[in-house]
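Now for the letters of each chain:
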Amino acid sequence: TGVRPEGARELAESYEHLGAVKTYSLDLHPRYQTLKDTRRVFIKSNEATITVTHDYPLPPPALWSWLNDPQKIAEWAGRDMRPNLRPAGRTGAGARNHCVHGKNLTMIETVLDWQPFDYITVEQASQMKPMNFYLTYLFEPTPSGTRLTVSMKAKLKSPLPNALAPAALKLVNRMFGMDKEYVALARLIAEEAAQEGDEGVAASAGVASAA
């Protein structure tokens, strides 16, 4: 309510029992092309300090929802992610999310590159941590669903020498286990499929991973 994306066309339609209803529509083709033409920020797996790969029995658009819907993120990652900034009323490069993780830890996530159903690159910055994290989430279609590859690197905040960033990030990963979140995501996908009666998805959601 109250959100009107830039470029929306206003219309009025009439329905029995409802009367006149104001609607807004968007031509998504120019929007899609704009996203494709924007500056690319992509962390390749061979450039990353840490890479996590999982196969999921969902098509890219469905898995994309699990990675971007705040309610779903809270389920598998335990992060209270709240939209903070939406340029032109949309999610895309420059959008920001405010995350509350734990009792006192807060983090600002900024979208650096947004290519729907293909990949996302974000920066995660927290005043409580001595480094910022950079992640690319790559969605690759497979015969049975989607392969998600998360490539991650870090940059230490001044005055710490950035040459220490890879070792610091590996230490953080050993302490907290980045891979655990994506195992939890596979379990939730399986549970949801079981509730909906999709036995094939439920059985294949317990997929193997490689880090």
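Here we summarise the structure given alongside this text. (Residues numbered from 1 in each chain as written. Predicted model: local features only at pLDDT ≥ 70, side-chain atom pairs only at ≥ 80, totals over all residues. Heavy atoms only, no water.)

### Some words on the pairing of strand E8 (residues 131-142)
Taking burial as the measure, the 12 residues of E8 include 9 buried ones, the bulk of the element. Both strand E7 (residues 119-125) and E8 contribute to a ladder of 6 bridges, which runs antiparallel. Paired with Tyr119 across the bridge in E8 is Leu138. Hairpin remark: E7 followed by E8, antiparallel, with 5 residues in the connecting loop. Counting the residues that bridge the hairpin from E8 to strand E9 (residues 145-156) gives 2 residues. (Buried < 20%, exposed > 50% of the residue type's maximum accessible area, 1.4 Å probe, protein only. Helix = DSSP H or I, 4+ residues; strand = E, 2+ residues; numbered from the N terminus. Pairing = 2+ DSSP bridges.)

### Comments concerning the environment of Ala193
Among the secondary structure elements, Ala193 is positioned in helix H5 (residues 179-195). Ala193 gets classed as buried once you look at its relative accessible area, which sits at 5%. Residues Ala193 and Pro57, spaced 136 residues apart in sequence, show a C-alpha to C-alpha distance of 9.9 Å.

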